[in-house]
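Here is how the chains run, residue by residue.
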Amino acid sequence: MGRAEERRARQRGGRRAAPRRSSGTPSNTGAGESTTVIGNPSAAGGRAAARRAAKGGDGKGRIRRLFTWKKIVGTFLGFCLLGIGAFIALYLAVDVPEDNAAAQAAQRQSNVYKYSDGSTLARDGEVNREIVDLSKVPKKVQRTFVAAENKTFYDDHGIDLKGTARGVLNTLMGKGAQGGSTITQQYVKNYYLSQEQTVSRKLKEMVISLKVDRQMSKDDILAGYINTSYYGRGAYGIQAASQAYYRKDAEKLSVAQGAYLAALLQAPSQYDWHAASETGKRLVTNRWNYVLDNMVEEGWLEQSERQKLTKLPEPEEPRPTAGREGQKGYLIELANRQLEDQLMEQQGITRSQAEAAVVDQGWTITLNVDKKKQAALEKAVKAELTSKLDKKKRKVDANVQAGAVSVDPETGKILALYGGVDYFKHYTSNATRPDYQPASTFKPVILAAALEESAETQSGKPIGANTVYDGTSKRQVVDASGDKVGFAPENEDDQNYGDVTVQTAMNKSINSVFAQMGVDVGMKSVMDVAGKLGMNTEDEQAVPAQTLGTMGASPLQMAGVYATLDNHGKKVTPGILKKAEHNSRTVDIPNPIGEQVISAEAADTVTSVLTGVVDDGTARQSVANNPKRSGQKVAGKTGTSDDNKSAWFTGYTPDLVTSVGLFGEDAKTHAQTKMYGAGGFDRVNGGGFPAQIWASYMFGVTDPDARFDLDTDQGAAVRPTWTPTPSEEPTTEEPTDEPTTKEPTEEPTTKEPTEEPTTEEPTEEPTTEEPTDEPTDEPTGDITLDPVRPGNDQ
């Protein structure tokens, strides 16, 4: 058959006869036998498989046909054309608004703040805005804003495609704003649109920005931006900001001052120098340097001039704002901050956007603050502290600052707050400032970690209220292998205690015991538990020195930590917001009560131990024996920091937690100072003014019949049912008998504040006593019941 015939046969679907094999070709049927083969089975099978694949019999082939390069490219181009068409339609449909009258009107609406009962606390929101022509702003000051926000401003077309695309994508994915907007976009958002984070708003922003960039000069856009932005302190626009921060007109601003105002726009309240934490000051200083360095990079500032600008020009103290006198300003600031936090979380906006959405925006904000408890707290501070300070007699008295926060442990509601003598006189809230050491009020956290982790001493004994430690001052702390860790803290007044129980160590606030306990537990575990309880430990090192409470903390944080203990280990994040209402948005207020962060048994054991501090320790005179006490059950801890820069009492009854802190702060420079001699006493201890303020307030607002419901058989709040024999000798071993009372809610061993414990072991046998008892070798000669120095409180 010829080749032409073979082709025709294949086309007809027929088969051709293969040529006969030669007699010399081996065959699979025999060595010398020739076989005639009709067709090629393997070849025919391959072609059949190919035909089946072509008909859809092979899944991979079908996928390859669906996703050919031509189809992929065609689909992509189709989507691009659709997107371009949609954008063109949007561009034609969206016009530049004449004015955002609604937004402008909203900016001029006062916020109304209410107590929890609905009565008005304050009306806040007198808008401070004055438009200034760009020619009145020095050129270099103008450039600070460009350097801070949008270096390509003079060259771009009004939008940042990457930033806008990222913003749209993040909004679709629920991640919120991630920055990247140009100055033109920010101006459009401020003047024509709103702060809401929706895809439609972002697309409108982009279209209007493109049109505005074509219709307006760059100078007009920049002028609009700096005149509509919010700078904090109620100031909108650069002229109002210049007056609010530097007491001068914008035309007299230096480049360094302009750089600070430009840096403020990222987070106005957080970066306000007189309200900022140490972290906030560091961040705004870094941004101030960033602005100036960018100006040099863009050729807007000479390097020689930049080298002279080494220190951020600190702004003036803020001026009083109507409606914020007394404690009102502190309450408003915390309410605003927590509302901003919620907007940032729920809508994905930045801090700057959140502030602009809250301040002067017509909100009705109801606080959890109880009007009567708020008045009682203010009265207690005046009666027990400010009325006793006399800066004319003692210069140091002018440097004493007080802060306090009171929280319901079952709901997490902030019921009262004291931020300082007056918002107009002391802008920084002492209730929320995190820059002073909590000192020995951190010791309960160490014990909580030991109990939660089921930690053991170096000798393998479980750590509990009756565990015995060496209370010798300056005792070297050793690790599990017996090696010294290079830390040997001194007890207050360098006092030695010898072998003491953990209960006694807590009562007397013995540093050496808790330093060793921290290492026994593991400092990482201690810091982890501190974080779970509510302290900010993110940037803190897990080192033995932390056992002295050397990190920063605020009364708000410590109230949350102790409220979590009072709430049997369920996390309490104190909240001041009850509800926030606005005609254009809804805000969900989070539940302050969170998950179980430590076991109920661990939390309750700490509570039980802390009753000993009150009834037989450093808070005995000011709290347990206070004449205003009507039988309230109290757990708490005193604290006094190194060099007497802070003093604390944080304590709780079953129904209320309050943390009181006193802070030494220079009245002029605001630097931390020592409080030695304040009020006429050698030293301000936690058992003095703080405990007295606490008792004066708490014993007037708490239920005297409330009792702790504790799941523990340890600590001072547990009455033992056994009586040890006098013949037992002191030992460093863990006591074999634990209190077995079935009623953990029973009264502490000191039944009444004025009575001495009646269930104590004879004094010569300390280690077998009720945990609140002291060993026989405990020095007692130097311990006084002076209201300010009732005991050893380091």
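Not measured: the values here are computed from a predicted model.

Conventions used here
- Residues numbered from 1 in each chain as written.
- Predicted model: local features only at pLDDT ≥ 70, side-chain atom pairs only at ≥ 80, totals over all residues.
- Heavy atoms only, no water.
- Helix = DSSP H or I, 4+ residues; strand = E, 2+ residues; numbered from the N terminus.
- Contact = heavy atoms within 4.5 Å.
- Areas by Shrake-Rupley, 256 points an atom, 1.4 Å probe, with all protein chains shown as cover.
- Buried < 20%, exposed > 50% of the residue type's maximum accessible area, 1.4 Å probe, protein only.
- Lys, Arg positive; Asp, Glu negative; His and termini not counted.
- Salt bridge = Lys/Arg side-chain N within 4 Å of Asp/Glu carboxyl O.
- Core = buried A, V, L, I, M, F, W, Y, C linked by side-chain atoms within 4.5 Å.
- Phe/Tyr/Trp six-rings, centres within 6.5 Å; stacked < 30°, edge-to-face > 60°.
- Lys NZ or Arg CZ within 6 Å of the ring centre and 35° of its normal.
- Pairing = 2+ DSSP bridges.
- Axes fitted to C-alpha atoms, helices over the stretch in contact; angles between N-to-C directions.
- Left-handed = near helix turned anticlockwise from the far one by under 90°.

J.: Can you help me understand the overall build of the protein in this one?
T.: In terms of helices and strands, the protein carries 26 helices and 16 strands. Put simply, of all contacts in the protein between residues at least 6 apart along the chain, 72% involve residues at least 24 apart. Surface exposure of the protein reaches about 35500 Å², of which carbon and sulfur atoms provide 49%.

J.: Please clarify how the side chain of E355 should be interpreted in this entry.
T.: Looking at the secondary structure, you find E355 in helix α17 (residues 351–358). It is R337 that comes nearest to the buried, bridge-free E355 among opposite-charge side chains, at 4.8 Å. When near neighbours in sequence (up to four residues on either side) are disregarded, E355 contacts Y230, A267, P268, S269, Q270 and E340.

J.: Just checking my understanding: could you explain the pattern of salt bridges for this structure?
T.: Any two side chains of opposite charge can pair, given that their charged atoms come close. Taken as a whole, this structure holds 22 salt bridges when the rule is applied. Of the charged contacts in the structure, one is a salt bridge between K218 and D213, with a shortest N-O distance of 2.8 Å. A residue is classified by how much of its surface remains accessible, and K218, at 17% relative accessible area, is buried. Across the pair R306 and D293 runs a salt bridge, and its minimum N-O distance is 2.9 Å. Residue R306 is located in helix α15 (residues 303–308), and its partner D293 is located in helix α14 (residues 278–297); the two are separated by 13 residues in the primary sequence. Overall, D293 belongs to the partly exposed group, its relative accessible area being 38%. Within the structure, one salt-bridge network assembled from shared partners comprises R337, E340, D341 and R351.

J.: Just checking my understanding: could you explain the nonpolar core for this structure?
T.: A general tendency of soluble globular proteins is for nonpolar side chains to be buried together. Core analysis: the largest hydrophobic core is formed by 87 residues, its most contacted members being I365, L367, F442, M517, M535 and I576. For M535, the residues in contact, after removing those within four places along its chain, are P438, F442, V445, A530, M551, A553, Q557, M558 and V561. Within the second largest apolar cluster, 51 residues are counted, among which are I183, V212, I226 and M295.

J.: Looking at this structure, I do not really get the packing of aromatic side chains. What am I missing?
T.: The geometry of an aromatic ring pair comes down to the distance between the two centres and the angle between the two planes. The full count for this structure, using the stated rule, is 15 aromatic pairs. Taking 6.2 Å as the distance between ring centres and 85° as the angle between the ring planes, the aromatic pair formed by Y154 and W300 counts as edge-to-face. One end of the pair, Y154, is in the loop between α6 (139–149) and α7 (161–172); the other, W300, is in the loop between α14 and α15, and 146 residues separate them in sequence. The class of W300 is buried, set by a relative accessible area of 16%. Each member of the aromatic cluster is reached from another via a ring pair, and the members are F153, Y154 and W300. Looking at K218, its charged tip hangs above the ring of F153, at a distance of 4.7 Å from the centre.

J.: It is not clear to me how the pairing of strand β15 (residues 646–653) should be interpreted in this structure. Could you clarify?
T.: Along a regular strand, successive side chains alternate from one face of the sheet to the other. Burial of β15 is extensive: 8 of the 8 residues sit out of reach of the surface. Both strand β14 (residues 635–640) and β15 contribute to a ladder of 6 bridges, which runs antiparallel. What sits directly across from G639, in β15, is W648. Where β14 folds back on β15, the antiparallel hairpin that results is connected by 5 residues, among which D643 adopts a positive phi of roughly 65°. As paired elements, β15 and strand β16 (residues 656–664) share 8 bridges and run antiparallel to each other.

J.: Before we go on, may I ask you to explain the packing of helix α18 (residues 371–384) against helix α26 (residues 689–701) in this structure?
T.: Pairs of packed helices are described in terms of their axes, by the angle between the two and the distance that separates them. At their nearest, the axes of α18 and α26 sit 9 Å apart, and the two run at 145° to each other. When the axes of α18 and α26 are compared, the crossing they make is right-handed. Residues K373, A376, L377, A380, V381 and E384 of α18 pack against F689, Q692, I693, S696, Y697 and V701 of α26.

J.: Just checking my understanding: could you explain helix α21 (residues 511–521) for this structure?
T.: One turn of the α-helix equals 3.6 residues, which is why residues spaced by three or four share an orientation. Most of α21 is tucked away, with 11 of its 11 residues classed as buried. When α21 is considered as a whole, its buried residues turn out to be N511, S512, V513, F514, A515, Q516, M517, G518, V519, D520 and V521. For α21, the secondary structure elements touched by its buried residues are α19 (443–452), β8 (468–470), β9 (499–501), α20 (502–508) and α22 (523–533). In the stretch just after α21, G522 is the one whose phi turns positive, near 105°.

These results come straight from atomic positions and should not be treated as a statement about function.
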